[in-house]
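For reference, the chains in residue letters:
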Amino acid sequence: MASRSTSPGGVLLRASRLFAIPPTLPRPLPNLSSNQSFGSDTATLPHPVNLSITSPQASLARGDWGLKRPLPLRSTTKTSTPVIRVDAIDTYEQVTDYASAADHTLTLRKWEEMDIHLSTPPRKSRSSLGFVDAGGRGQRSVFDDKIDSTTQSHTGEQGQDARWRFDGPWVAGLTDGQFGTYVTRQVRKRKPEFIKMLRMTCAEAATKENQRTAMEQGEEVGQPVRASEITEEQFSKYMKTLRHDRVELYRHIRKFLDLPPAPNPLLPGGNDWLSSVLDGTRESPTDIKDVQPTSDSPYADSGPPKTHPSAGLSYGRTSAHTFNHPVYGPQSKKPPVKARVVMPKGAAPGNFAPLLGVGGFVVDVPSGENSFNLRSSGSRSTGNAIPGLVNIEPDKVGGSKAYVHPKSASVDPKGRVILKVEQADPEAVAVLEGRVDEIPRQEIMQTKGLLARLQHTRSPRGYGLSVGDFGGESETANKP
Amino acid sequence: MILRNIAIRHSRKALAEPLSIPFIRSLTTETLAQETAAIENSINNHEKETHSIEANINQLRITSSFVPPTAASEPSSEVSDNFNLFRSIKKRTKKLGSVVAPYYKPHEFVVNPPRPKDLTLELLLASQAHLGHATSLWNPSNQRYIYGIRQGVHIISLEAIAAHLRRAAKVVEGVAYHGGIILFVGTRPGQAPAVVRAAQLSKGYHLFDSWKPGAITNAEQILAKCRIKALDKDDQEIGVYERKLQEWRALKPDLVVVMNPLENYTLLHECGLNNIPTIGVIDTNADPTWVTYPIPANDDSLRSIQLIAGILGRAGEEGQRLRLEAAKTGVVTWQTPEALVRLLAPEKNKLEGAAKNEATIYSDGNPEWNKNDRSSRRRATGLDDDSEDL
């Protein structure tokens, strides 16, 4: 056996590309909700479960994919996306089970074109007060050194949460049955181990107590108490105190089972409560400590992610770089992305909000934006709202479209990509579509303060610019 | 200046490019016809303008004495000049640029297959020779070749493949050296080029459509109309035995190499009945006892089959080369069967009288002419299978 593990063939096999194909992930489960959900076998999964494989041109023409047998040429060469996923290299029927992987491959390509970095999941909006979000705990890059870790740091209690992988489950996300199974199957048999650990902590506590009394009385500090020296009486007393101190007990349990941080508490009553406190009409019923976040982890509210929180979609820490237009120079906004109106308002039973499709991802319409504000458009007959959002436009070829700017993206614990978009800048749209003549210059002067200041000293040039002098000599032609 | 004069003298219309609008289109489409007319008008206008300028210029002295060169007066060496320029540029820029590193060329496996000495574990791995079938399809007698299970399929040990392939290559080389008839069989779609190339290299025979059952056991009937030819030690045909060989039995192969034994069980069975050694590519679902020399490898991948057939073909080529080299020094590496010697004795005696020198060529001291015959039989169809007598 020893010779087998070191055989040269074995070494080669382990380093081979075929062996590097990861095993198939479990298919993501559909949403557990009372909504009517229509399952489809051919629908694109929320995240890929197989590796996408491609083959060089010369081998592709011969059907050679490095697999057990050559694949049929008809289905692999007569396509613009010769990318496959392999479900089984060989089956009982002596065929290679494969399918096209164009869906996720193209989605990734579109994502790279949109150029969005992955950030931590957004915080639940709790209050408009600054103190809740004081510690700079907004959306951060998932590659931030402080949170991109799988190992326990030794910096202290707070440092423990600065990782995204834990051994134990996220208790807040478990159903009642799952929690019961976890307790009976995995926690129960570790009871002796936990008792042993409690004895250690009891000895530590006793040592601390001894040290404290010695310091107070000015005596010499004695030997530390060992776990074996703890008597049963001492231990049962310690256990009783722990049962009353739930915070301390939870701390020990969390450390022992390596549980992810619990979600942060929500303010009671939401904004009504806050306003009443601010007005002074009501005394704060709860201690301010209770509504302070319990954990620093960005994944406390949503649960720890299953894979690395970037999901391999983007490896950039930020996408805050300037788009340099070949004609108009650096732009304040990147080129907008065309979004498809997947579902207009109130089209599906039980779902009233319209949905957009951006680069292969279904996103909610941005809130608080003019063009997407359906409430105001209802009162005003024309409004700024995109017509396809309210009603289906049957005469539009290819469906209704709208330009948006991708804002941020994160991956939820189920592996779904949550993309946030904002309304497209009309100037950026005009630059993209080559309609810069239609931009009203006066408006630009007013909105762009810097540009307005510059117009006295030098002629403003370019579009979407904060600082001029990048545009061409088209000033006279574009002036209204 | 001179060129400008030519343009003026021969008017702009003569130098203008021919109209790119096809004639029929200009006839059929009304709008196009109008356009053509417009262009024609503008050209006429230009011509008129040119004439007016021409009149002015013709008054100059230099233009009045100028004679435009004609095509006949100057020998046109444009083509050869261009060609020489092209060659000189090519020669100068030949050493410029980057050198493309060796890269994988799939066709090389068939056109220029690797030799047995080039066989490496990496090559076998790259050719997918190690991939067996799904574990549920396995034949337990292949257990000794199997390295393990991965992704639901059995993985054949690369060392086992290399060792068995080298042994098979030695067998092919030995049979070729001793003048045996080698038959390469690969009847799956896509295997034909590899099998034909292997037969070409080893001067053997190939079969890529289907084996006719009984072509060995019932060869008298099935191969009755096939021709047998006699060769001397240098592979030159000897014509005098034609009539005698017509009476001779159908030949049988000395070695059969099968790329897909599962589909050719009949052939292997017939070989077994006639004590013909066989080499076969045994995947994890095949029975290794069907063939004499198994090569445990993937028989589904064309690349793996091309590699195995290529290496065996190269081994046969080497055997043939050694045999012909030995023949040049007078060493004959095979023996003609006794029965054939007896059959051909009368012709031999006749021939001996005619050409005495023939017998003295062979330095092995054996003046028997018949021993230097190599007989083979070729069917008229694409299927070529031959054998020597037992």
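Named according to an unreviewed UniProt entry, chain B is Ribosomal protein S2 originating from Oidiodendron maius. Per its UniProt entry, chain B bears the Sequence similarities (unreviewed entry) comment "Belongs to the universal ribosomal protein uS2 family."

In the annotation of an unreviewed UniProt entry, chain A is listed under the name Mitochondrial ribosomal protein MRP51 and assigned to Oidiodendron maius.

Draft legend 1. Quick look at the overall build of chain B. Helix and strand counts for chain B come out as 17 helices and eleven strands. The buried share among the 390 residues of chain B stands at 44%. Carbon and sulfur atoms make up 56% of the accessible area of chain B, which amounts to about 21400 Å² in all.

Draft legend 2. Region of the structure containing the nonpolar core. All names here are of chain B. Judged by nonpolar contacts, the single largest core of 56 residues is most densely connected at Leu124, Val257, Ile279 and Leu312. Tallying contributions element by element places helix H9 (residues 158-177) first for this core, with eleven residues. In contact with leucine 312, other than residues within four places in its own chain, are Leu165, Ala168, Ala169, Val172, Phe184, Val257, Ile279 and Ile295.

Draft legend 3. Layout of the sheet that holds strand E7 (residues 361-364) of chain A. Residue and element names in this part refer to chain A. Across the sheet, which stays open at both edges, the five strands sit in the order E7-E6-E5-E8-E9 with antiparallel pairing between neighbours. Taken across any chain shown, the strands that pair with only one partner, and hence form the sheet edges, are E7 and strand E9 (417-423). Pairs of neighbouring strands in the sheet enclose a mean axial angle of 55 degrees, with direction left out of account. Taken strand by strand, helix H5 (residues 102-114) contacts strand E5 (337-343), strand E6 (355-358), E7, strand E8 (401-411) and E9, and its axis lies near 40 degrees from that of E9.

Draft legend 4. Representation of the pattern of salt bridges in the model. All chains considered together, the criterion is met by 30 salt bridges over all chains. As a salt-bridge pair, aspartate 64 of chain A and arginine 303 of chain B come within 3.1 Å of each other at their nearest N and O atoms. You can see aspartate 64 of chain A sitting in the loop between helix H3 (57-61) and helix H4 (73-77) and its partner arginine 303 of chain B sitting in helix H14 (residues 302-328), one on each of two chains. In this structure arginine 303 of chain B comes out as buried when scored by relative accessible area, which is 14%. For arginine 435 of chain A, the salt bridge identified is with glutamate 433 of chain A, shortest N-O distance 2.7 Å.

Draft legend 5. Seen up close, the interface of chain B and chain A. The interface of chain B with chain A comprises 29 residues on the first partner and 26 residues on the second. When chain B packs against chain A, the two sides together hide about 2300 Å² of surface, and 59% of this comes from carbon and sulfur. Where chain B meets chain A, there are four salt bridges. The salt bridge partner of aspartate 300 of chain B is arginine 69 of chain A, with a shortest N-O separation of 3.9 Å. Run the count over chain B and chain A and you get 15 residue pairs in polar contact (both at pLDDT 80 or more). With four residues, strand E1 (residues 131-134) of chain B is the largest single contributor of residues to the side of chain B that touches chain A. When its residues are assigned to classes, the side of chain B that touches chain A shows 13 nonpolar, ten polar and six charged.

Draft legend 6. Region of interest: the sheet that holds strand E5 (residues 205-207) of chain B. All names here are of chain B. The parallel open sheet is built from five strands, whose spatial order is E5-E4-E8-E9-E10. The two strands at the open ends of the sheet, each matched to only one other strand, are E5 and strand E10 (293-296). Within the sheet, the average angular offset between the axes of one strand and its neighbour, ignoring direction, is 20 degrees. Across four bridges, the pairing between strand E9 (residues 278-282) and E10 is parallel. When the sheet's bridge partners are listed, isoleucine 279 is paired in E10 with tyrosine 293. Packed onto the sheet, H9 meets strand E4 (182-185), strand E8 (255-258), E9 and E10 and runs at close to 140 degrees relative to E10. Sitting on the sheet, H14 is in contact with E4, E8, E9 and E10, with an inclination near 155 degrees to E9.

Draft legend 7. The arrangement of the side chain of serine 314 of chain A in detail. Residue and element names in this part refer to chain A. Examined against the element boundaries, serine 314 turns out to sit in the loop between helix H12 (288-291) and strand E3 (323-325). Reaching out from serine 314, the side chain makes a polar contact with the backbone oxygen of isoleucine 116 at a distance of 3.5 Å. Side-chain polar atoms of serine 314 contact the backbone nitrogen of glycine 316, separated by 3.3 Å. Apart from residues lying up to four places away in sequence, serine 314 is in contact with Trp111, Ile116, His117, Leu118 and Phe143.

Draft legend 8. Looking closely at the packing of H9 of chain B against H14 of chain B. All names here are of chain B. Interaxial distance between H9 and H14 falls to 7 Å at its minimum, and their mutual angle equals 35 degrees. The handedness of the crossing between H9 and H14 comes out as right-handed. Only Ile308, Ile311, Leu312, Ala315, Gly316, Glu318, Gly319, Gln320, Leu322, Arg323 and Ala326 of H14 make contact with H9, whose side of the interface consists of Leu165, Ala168, Ala169, Val172, Glu173, Ala176 and Tyr177. Its residues assigned to classes, the contact of H9 with H14 comprises twelve nonpolar, three polar and three charged.

Draft legend 9. Representation of the domain arrangement of chain A. Segmentation of chain A into domains returns domain 1 (44-114), domain 2 (171-259) and domain 3 (324-374 + 386-437). The C-alpha-based centres of domain 2 of chain A and domain 3 of chain A are spaced at 54 Å.

Draft legend 10. Local environment of unusual backbone geometry. All names here are of chain A. Unlike most non-glycine residues, aspartate 115 shows phi in positive territory, near 65 degrees. For aspartate 115, the position within the fold is in the loop between H5 and helix H6 (157-160). By relative accessible area, which is 28% here, aspartate 115 ends up partly exposed.

Draft legend 11. Representation of the packing of aromatic side chains. Overall, the coordinates contain five aromatic pairs over all chains when judged by the stated rule. Centroid distance tyrosine 265 of chain B to tryptophan 290 of chain B: 4.6 Å. Interplanar angle 55 degrees. Geometry classified as tilted. Of this pair, tyrosine 265 of chain B sits in helix H13 (residues 265-273) while tryptophan 290 of chain B sits in the loop between E9 and E10, and the two are 25 residues apart along the sequence. Residue classification places tryptophan 290 of chain B among the partly exposed residues on the basis of a relative accessible area of 28%. Sitting over the face of the ring of phenylalanine 256 of chain A, arginine 190 of chain A holds its NZ or CZ atom 4.3 Å from the ring centroid. Its guanidinium or amino end placed over the ring of tyrosine 103 of chain B, lysine 105 of chain B lies 4.9 Å from that ring's centre, counting from NZ or CZ.

Draft legend 12. Region of the structure containing helix H10 (residues 192-201) of chain B. All names here are of chain B. Those residues of H10 not exposed but buried are Ala194, Val195, Ala198, Ala199 and Leu201. Taken end-on, H10 shows its buried residues confined to a sector of 165 degrees, consistent with a single buried face. Taken together, the buried residues of H10 touch E4, E5 and H14. Positive backbone phi, approximately 50 degrees, marks lysine 203, located one or two places after H10.

Draft legend 13. Representation of the environment of arginine 74 of chain A. Topologically, arginine 74 of chain A is positioned in helix H4. Residues arginine 74 of chain A and alanine 402 of chain A, 328 residues apart in the sequence, show an inter-C-alpha distance of 37 Å.

Draft legend 14. View of helix H8 (residues 191-217) of chain A. All names here are of chain A. Between its first and last C-alpha atoms H8 spans 39 Å; for 27 residues at 1.5 Å apiece the expected length is 39 Å, and the two agree. Those residues of H8 not exposed but buried are Phe194, Met197, Leu198, Arg199, Thr201, Cys202, Ala203, Ala206, Thr207 and Ala214. On its buried face, H8 is in contact with helix H9 (232-244) and helix H10 (246-257). A positive backbone phi angle near 70 degrees is found at glycine 218, which sits one or two residues after H8.

Draft legend 15. Just the confidence of the model for chain B, in detail. All names here are of chain B. Chain-level statistics for chain B give a pLDDT mean of 81 and a share of 78% at 70 or above. Note on residues 355-390: pLDDT under 50 across the span, and 113 contacts to partners over four residues away in sequence or across chains. Overall fold confidence for the complex sits at a pTM of 0.72, while the interface term, ipTM, reaches 0.72.

Analysis parameters
- Here the residue numbers are simple positions, counted from 1 along each chain's written sequence.
- To read the labels, note that chains go from A and ligands from 1, taken in the order they are written.
- In view of the model being predicted, local features appear only for residues whose pLDDT reaches at least 70, and side-chain atom pairs are presented and counted only at 80 or more, with totals across whole chains, interfaces and linings using the full set of residues.
- The side-chain quantities take in all heavy atoms of the structure and omit both hydrogens and water.
- UniProt positions are given in the numbering used here, feature names are shortened, and annotations may be inferred rather than shown by experiment.
- Here a helix means four or more residues in a row that DSSP labels H or I, a strand means two or more in a row labelled E, and each is numbered from the N terminus.
- Only protein chains enter the accessibility calculation, which uses a 1.4 Å probe; a residue is then buried when its area is under 20% of its type maximum, exposed when over 50%, and partly exposed in between.
- Per-residue and other accessible areas follow the Shrake-Rupley method at a 1.4 Å probe size, with only the shown protein chains counted as cover for residues.
- As used here, the term nonpolar core means buried Ala, Val, Leu, Ile, Met, Phe, Trp, Tyr and Cys residues forming a set that is joined through side-chain atoms within 4.5 Å.
- We call two residues contacting when some pair of their heavy atoms lies within 4.5 Å.
- We call two strands paired when DSSP finds no fewer than two bridges between them.
- Angles here are taken between N-to-C directions and fall from 0 to 180 degrees, while the axes themselves are lines fitted to C-alpha atoms, restricted in helices to the stretch in contact.
- Here a salt bridge means any side-chain nitrogen of Lys or Arg lying within 4 Å of a carboxyl oxygen belonging to Asp or Glu.
- Reported buried area values correspond to the accessible surface (1.4 Å probe) lost by two parts on association, with both partners' losses combined.
- N or O atoms closer than or at 3.5 Å make up a polar contact, with two conditions inside protein: a donor-capable atom paired with an acceptor-capable one, and, for residues adjacent in sequence, both atoms drawn from side chains.
- Under the scheme applied, nonpolar residues are Ala, Val, Leu, Ile, Met, Phe, Trp, Tyr, Cys and Pro; charged residues are Asp, Glu, Lys and Arg; polar residues are all the others, including Gly.
- Crossing handedness is read from the near helix: turned anticlockwise from the far helix by less than a right angle, it gives a left-handed crossing, and turned clockwise, a right-handed one.
- Domain boundaries shown here were taken from an automatic or database domain assignment.
- Whether two aromatic rings pair depends on their centres lying within 6.5 Å, for rings of Phe, Tyr and Trp, where Trp uses its six-membered ring; planes under 30 degrees apart make the pair stacked, over 60 edge-to-face, and the rest tilted.
- In this scheme, Lys NZ or Arg CZ marks a charge over a ring once it lies within 6 Å of the ring centre and within 35 degrees of the ring normal.
- Working definition: the arc comes from the directions between the helix axis and the C-beta atoms, pointing outward to the latter.
- One less than the residue count of a helix, multiplied by 1.5 Å, gives the span that helix is expected to have.
- The predictor's confidence in any single residue is recorded as pLDDT, a number from 0 to 100.

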